[in-house]
There are 2 protein chains.
Amino acid sequence: MIKYPIKKLKLEKETNYSNLGMTLENDIDLTNNYYLTHKKAVIHKKPTPVQIVNVNYPARNKAKITEAYYKTPSTTDYNGIYKGRYIDFDAKETSSKTSFPLSNIHDHQIEHLRNVQLHGGIAFLIIHWKYFNKYYLLPLEVILSYWDNKKDGRKSIPYIDFINHAYEIKISYHPRLDYLTVLDEYYL
Amino acid sequence: MIKYPIKKLKLEKETNYSNLGMTLENDIDLTNNYYLTHKKAVIHKKPTPVQIVNVNYPARNKAKITEAYYKTPSTTDYNGIYKGRYIDFDAKETSSKTSFPLSNIHDHQIEHLRNVQLHGGIAFLIIHWKYFNKYYLLPLEVILSYWDNKKDGRKSIPYIDFINHAYEIKISYHPRLDYLTVLDEYYL
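Residues numbered from 1 in each chain as written. Chains lettered and ligands numbered in written order. Predicted model: local features only at pLDDT ≥ 70, side-chain atom pairs only at ≥ 80, totals over all residues. Heavy atoms only, no water.

Draft legend 1. View of the overall build of chain A. Within chain A, the regular secondary structure consists of five helices and 11 strands. Taking all 188 residues of chain A together, 47% fall into the buried category. Summarising the internal contacts of chain A: among those between residues at least 6 apart in sequence, 63% fall at separations of at least 24. Summing over all exposed atoms, chain A offers an accessible surface of approximately 9900 Å²; the carbon and sulfur share of this is 51%. (Helix = DSSP H or I, 4+ residues; strand = E, 2+ residues; numbered from the N terminus. Buried < 20%, exposed > 50% of the residue type's maximum accessible area, 1.4 Å probe, protein only. Contact = heavy atoms within 4.5 Å. Areas by Shrake-Rupley, 256 points an atom, 1.4 Å probe, with all protein chains shown as cover.)

Draft legend 2. Quick peek at the packing of aromatic side chains. Counting across every chain of the model gives 31 aromatic pairs over all chains. Members of the aromatic cluster, connected to one another through ring pairs, are F100, W129, Y131, F132, Y136, Y159 and F162 of chain A. We note K62 of chain B situated over the ring of Y69 of chain A; from NZ or CZ to the ring centre the distance is 4.7 Å. (Phe/Tyr/Trp six-rings, centres within 6.5 Å; stacked < 30°, edge-to-face > 60°. Lys NZ or Arg CZ within 6 Å of the ring centre and 35° of its normal.)

Draft legend 3. Structural context of helix α5 (residues 179–186) of chain A. Looking at α5 of chain A, one finds that the buried residues are Y179, L180, V182 and L183 of chain A. Angular distribution of buried residues about the axis of α5 of chain A spans 155°; they occupy a single face of the element. (Arc of directions from axis to C-beta.)

Draft legend 4. Spatial organisation of the relation of the copies chain B and chain A. Mapping chain B onto chain A leaves a residual RMSD of 0.0 Å; the transformation is a rotation of 180° accompanied by 0.0 Å of translation along its axis. The superposition of one copy onto the other is thereby described by a two-fold rotation axis. Considering only C-alpha atoms, the part of chain B nearest the rotation axis is T66 of chain B, at 2.3 Å. Interface overlap between copies is the fraction of interface residues in one copy that are interface residues in the other; for chain B against chain A it reaches 100%, indicating a shared surface. (Least-squares fit on C-alpha atoms with pLDDT ≥ 70 in both.)

Draft legend 5. Focus on the sheet that holds strand β8 (residues 122–129) of chain B. Residues and elements named next belong to chain B. One open sheet holds the six strands; their spatial order is β2-β5-β6-β8-β9-β11, and the pairing between them is mixed. Both outer strands of the open sheet, β2 (41–45) and β11 (167–168), are each paired with one neighbouring strand and no more. In the sheet, β8 pairs with strand β9 (residues 134–139) via six bridges, with the strands oriented antiparallel. Within the sheet, the bridge partner assigned to W129 lies in β9 and is K134. Taken strand by strand, helix α1 (residues 24–37) contacts β2, β5 (78–82), β6 (85–94), β8 and β9, and its axis lies near 150° from that of β2. (Pairing = 2+ DSSP bridges. Axes fitted to C-alpha atoms, helices over the stretch in contact; angles between N-to-C directions.)

Draft legend 6. Geometry of the interface of chain B and chain A. With 50 residues of chain B at the interface, the matching set in chain A holds 50 residues. When chain B packs against chain A, the two sides together hide about 4400 Å² of surface, and 64% of this comes from carbon and sulfur. If you look at where chain B meets chain A, you find zero salt bridges. Inspection of the region where chain B meets chain A yields seven residue pairs in polar contact (both at pLDDT 80 or more). Elements represented by at least two residues in the side of chain B that touches chain A include exactly β1 (6–7), β2, β3 (50–59), β4 (62–70), β5 and α2 (107–118) of chain B. (Buried area = accessible area lost by both parts, 1.4 Å probe. Salt bridge = Lys/Arg side-chain N within 4 Å of Asp/Glu carboxyl O. Polar contact = N/O pair within 3.5 Å; in protein donor to acceptor, adjacent residues only side chain to side chain.)

Draft legend 7. Broad picture of the pairing of β5 of chain B. In terms of burial, β5 of chain B is largely enclosed, as five of its five residues are buried. By the alternation rule, side chains of β5 of chain B split into Y78, G80 and Y82 of chain B and N79 and I81 of chain B, which are all buried.

Draft legend 8. Region of interest: the packing of α2 of chain B against helix α3 (residues 140–147) of chain B. Residues and elements named next belong to chain B. The N-to-C vectors of α2 and α3 enclose an angle of 130°; their axes lie 11 Å apart at closest approach. Judged by the inter-axis angle, α2 sits oblique to α3. In this structure, α2 crosses over α3, and the sense of that crossing is left-handed. Here D107, I110, L113, R114 and Q117 of α2 lie close against α3, whose contacting residues are L140, E141, I143, L144 and W147. Each residue belonging to the contact of α2 with α3 can be placed in one class, and the counts come to six nonpolar, one polar and three charged. (Parallel < 35°, antiparallel > 145°, perpendicular 65-115°, else oblique. Left-handed = near helix turned anticlockwise from the far one by under 90°. Nonpolar A, V, L, I, M, F, W, Y, C, P; charged D, E, K, R; others polar.)

Draft legend 9. Structural context of the environment of F89 of chain B. Residue and element names in this part refer to chain B. Looking at the secondary structure, you find F89 in strand β6. For the pair F89 and T75, spaced 14 residues apart in sequence, the C-alpha separation works out to 9.2 Å. For F89, the contacting residues outside a window of four places in its chain are I28, I43, T76, D77, Y78, L113, F124, I126 and Y179.

Draft legend 10. View of the pattern of salt bridges. Residues and elements named next belong to chain A. Taken as a whole and judged by the stated rule, the model has 12 salt bridges over all chains. The shortest N-O distance in the salt bridge between D148 and R114 comes to 2.7 Å. With D148 in the loop between α3 (140–147) and β10 (156–158) and R114 in helix α2 (residues 107–118), this pair connects stretches of sequence that are 34 residues apart. On the basis of relative accessible area, D148 is assigned to the partly exposed category, the value being 45%. Using a relative accessible area of 28% as the deciding quantity, one classes R114 as partly exposed. Via salt bridges that share partners, K134, E168 and K170 belong to a single interconnected network.

Structure, rendered in structure tokens:
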């Protein structure tokens, strides 16, 4: 019988010291936690969807999942409420110096964000350009202007369009990535 | 070495044929799916949160989770948007004939629903009384009137208060549990 190597899952992505040692997901979690404790907004990350196949009960009240698989999420990762408005977004990172590849976004995520906007919610992406260490709030409209012309045109959004059509989120200590201030300025 | 019995997790709860063979969770999922496809609302169940400890890669592109544990959810199970409003709720079942025990609700869920309401969202529970096969939308206010007096009073909400202060959700074929009609009538 062949023994396959067992890899331990890294629960955190690679540490980036230029960024106070945190990952994008951690930065957003810290920010959302700040918003929650300061009664500014209620925005949470959804758990990663997992298909559970087998569970052991080695001790009373202690269920151990022994077989499970990752499932494709049907929505984005983050949603919640701010000033009475429904907020919905996903967070993405790119190492590119020139353009953000649309292949980073899944069909079902675009479909979900379109539906959110249709019902009056605020839909966007937060994108971290690792090379520039810049964070942008990219409105759904900008994404769609590329997405809906994907077949006959570019398959990525150039960095220059972020400068012109997206909103920079300044990184700071507390809250880490104050994206609600951007919403205040441009949406509300 | 003692071998503990391996139990296979039941992915669906006990089938209730009086209720078209579906569970409360399935009924709500079907309802939300109906709302989504009919462009009425975007409301999803959040995945069950799981702490992943070990992952195997028996084949390329196929990650198998081999050790994981259930985590306590920090919010309710359902949220989304309807007519521009943020919606947030949890679903509970009781076999009681007389009263709904407050022990079915967790502190952090009440805290979360309070926060949602504070920011302008609509917060409630959907409760299935299995004995009567009745479904009620129970507004947060009613829950809080019991919850906040828990120490010196009742630890459950009597069925009569559901008749008087909650809103019945009629079961039907499609959508299964039309709770948005109840929101239309009493909230919007």
